[in-house]
Amino acid sequence: MEKVFIIGLGLIGGSISRAIKKEHPSVQLVGYDIKNDQVQMAKKLGIIDQSAESIKEGAESADVIIISTPVEQTLNVLTFLGELSLKEGVIITDVGSTKKKIVDHASFSLPKTVTFIGGHPMAGSHKSGVAAAKTHLFENAFYILTPGSNERPEKIEQLKKLLKGTKAQFIVMTPEEHDSITGVISHFPHLIAASLVHQAEKKEEMFPIIKRLAAGGFRDITRIASSNPVMWRDIIVHNHDVLIKLFDEWIQEMKQIKQFIEKLDKEQLYTYFEKAKTYRDGLPEREKGAIPSFYDLYVDVPDYPGVISEITGYLAKEEISITNIRILETREEIFGVLRISFQSDEDRMKAKQCIDRYTNYETYIL
Ligand SMILES: NC(=O)c1ccc[n+]([C@@H]2O[C@H](COP(=O)([O-])OP(=O)(O)OC[C@H]3O[C@@H](n4cnc5c(N)ncnc54)[C@H](O)[C@@H]3O)[C@@H](O)[C@H]2O)c1
Ligand SMILES: O=C(O)C(=O)C[C@]1(C(=O)O)C=C[C@@H](O)C=C1
C-alpha cells in the first residue's frame, strides 16, 4: 500500500491519518479538504505528507482512499470518484456514522474494478477539526466494517492491516445491523442530549441562573450536544427510518414513566432506576474493545492551576507511568475530580500509595 488518499481532514480523517503514519511510516499520506485551513493545519501538524489540489489529482494515483467527510458529502464524493479513472483494485472506505445509504450508493456509483468497504470507528469526540485529531482516538474501541457479502477476504485483511495503528477492535456486520445498533446507542442519544439542552434554554427566561447551576449530571448527559451540527443533521437524515421507530418506542417509554409519577408509584420508580443502574454498571466501561483496558484511580484535587502537573510530577518521580488523565468535573472554586488511568492494577496501587504519601488529597477506586 504505497499511497493513501484521505478526503476530509477533520477529527476522524486526521486521527486515522496519524494512526496510519505511526504504524506504516513509509506510506505516503495525501490529504484533501474543501477547507484550506484544515489542509494547512494538517500539513503543519505532520498529519499528511502532502495535499492534493483536487479529489481527482489525489484519487487517480491512490492505492487506498479514505472518505472522512460528513455522511451526506460522502455520497457526493462517491459519485465523483465513480467518474474518475481510479487504479484497478483500489480500496475505498469511509468512516461515516451511518452505513446503509453509503454502502448502497457506493455499490451504485463505483465500478466493479474497485473495492468498497464501509467503515465506522466507534469512537470520537464532540470536538471537530484536524486540530483535535489524536493518534490514540480509536484505541480499544470497536471499528465496524461493512464489506459486501462477496468481498474478497484478502481485501478486508489489507484494509485492517493499513488501519492496525488505530489499535481498534475490528468487527464485521451488515449495514442494516450497523444502522439499527448505532441508532440506539449513538444517534438517538444525540437527539435526546440536544432536546435536554433546548428544555433548559426554554426555562432560562424564568430562571436566568439555570445555566450556571448546571452541574455534573446535566453536563455529562448533554456533552454530546456540543457535537458538529452538520455531522448530526446528516446522520439523522441518513438513519431516519430507524430513528422514527425509536421515537415511537421512546414515547411509549416516557408514557410509562409518566404513569409511575402520576400514580406516585414508588416501587415502580425504584425498580426503574435500579434496573437502569444495573445495566449501565454492566457496560464494559473498562473494555471499549476486546483489549483489556485501563485501571482508573480517582483523585479529589483543589481546582487550581498546576494541580495536574503536581500530581503527575509525584508519579513521574516514582516512575509510575499513566495511560490517560482526565478532569471528570470541576466545581467552581472548590474541587475537581481527576481520573488517572494505568495499564495495570499494580501501577494503580503504587500510584495511590504515592499520592497518599505526598498529598492529603482523597484517592479512591470505584
Ligand atoms: N466525530 C465523531 O465522534 C465521529 C466518530 C466516528 C465517525 N464519525 C464520522 O466521521 C465523519 C467525519 O466526521 P468528523 O468528526 O471528522 O468531522 P469534522 O467536521 O471534524 O471533519 C470533516 C471534514 O470534512 C471536510 N469536508 C466536508 N465536505 C467535504 C468534501 N465534499 N470534500 C472534502 N472535504 C470535505 C470538512 O471541511 C471537515 O474538515 C462523519 O461522517 C462522521 O459521521 C465521526
Ligand atoms: O464521544 C463522543 O462525543 C461521540 O459522540 C462519539 C460517537 C458516539 O459515541 O456517538 C459519535 C459518533 C460516532 O459515529 C461514533 C461515536
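Worth saying up front: this structure is predicted, and the values here are computed from it rather than measured.

1. Considerations on the overall build of the protein chain
Tallying secondary structure elements over the protein chain gives 14 helices and 12 strands in all. Its C-alpha atoms give the protein chain principal-axis dimensions of roughly 65 × 60 × 40 Å. Within the span of the protein chain, comprising 366 residues, buried residues form 42% of the whole. Contacts spanning at least 24 positions in sequence make up 73% of the contacts within the protein chain whose residues lie at least 6 apart. Of the roughly 20700 Å² that the protein chain leaves accessible, carbon and sulfur atoms contribute 55%. Distance from the positive charge centre (46 side chains) to the negative charge centre (51 side chains) of the protein chain: 1 Å.

2. Some details on the confidence of the model for the protein chain
The pLDDT averaged across the protein chain works out to 92; a share of 95% of its residues lies at or above 70. Here residues 286-293 scores under 50 on pLDDT; set against residues more than four positions off or in separate chains, the count is 21 contacts. Scored by ipTM, the complex comes to 0.98, with pTM at 0.82.

3. Focus: the side chain of Thr222
With respect to the secondary-structure elements, Thr222 resides in helix α9 (residues 216-222). A distance of 2.5 Å separates the side chain of Thr222 from the backbone oxygen of Phe218, its partner in a polar contact. Look past the residues within four positions of Thr222 in its chain and what remains in contact with it is Ala193, Leu196 and Val197.

4. A word on the domain arrangement of the protein chain
According to the domain assignment, the protein chain contains domain 1 (3-174) and domain 2 (295-364). When each unit is reduced to the centre of its C-alpha atoms, the spacing between domain 1 and domain 2 is 37 Å.

5. What to know about the sheet that holds strand β5 (residues 91-94)
The pairing of strands in a sheet happens through backbone hydrogen bonds and is either parallel or antiparallel. Overall, mixed pairing links the 8 strands, which are arranged β3-β2-β1-β4-β5-β6-β7-β8 in an open sheet. The sheet is open, and its two borders are formed by β3 (50-51) and β8 (169-172), each paired with just one other strand. This element, helix α4 (residues 71-81), spans β1 (3-7), β4 (64-67), β5 and β6 (115-121) of the sheet and lies at about 150 degrees to β4.

Conventions we followed
- Residues numbered from 1 in each chain as written.
- Chains lettered and ligands numbered in written order.
- Predicted model: local features only at pLDDT ≥ 70, side-chain atom pairs only at ≥ 80, totals over all residues.
- Heavy atoms only, no water.
- Helix = DSSP H or I, 4+ residues; strand = E, 2+ residues; numbered from the N terminus.
- Buried < 20%, exposed > 50% of the residue type's maximum accessible area, 1.4 Å probe, protein only.
- Contact = heavy atoms within 4.5 Å.
- Areas by Shrake-Rupley, 256 points an atom, 1.4 Å probe, with all protein chains shown as cover.
- Lys, Arg positive; Asp, Glu negative; His and termini not counted.
- Charge placed at Lys NZ, Arg CZ, Asp CG, Glu CD.
- pLDDT = per-residue confidence, 0-100.
- Polar contact = N/O pair within 3.5 Å; in protein donor to acceptor, adjacent residues only side chain to side chain.
- Domains from an automatic or database assignment.
- Pairing = 2+ DSSP bridges.
- Axes fitted to C-alpha atoms, helices over the stretch in contact; angles between N-to-C directions.

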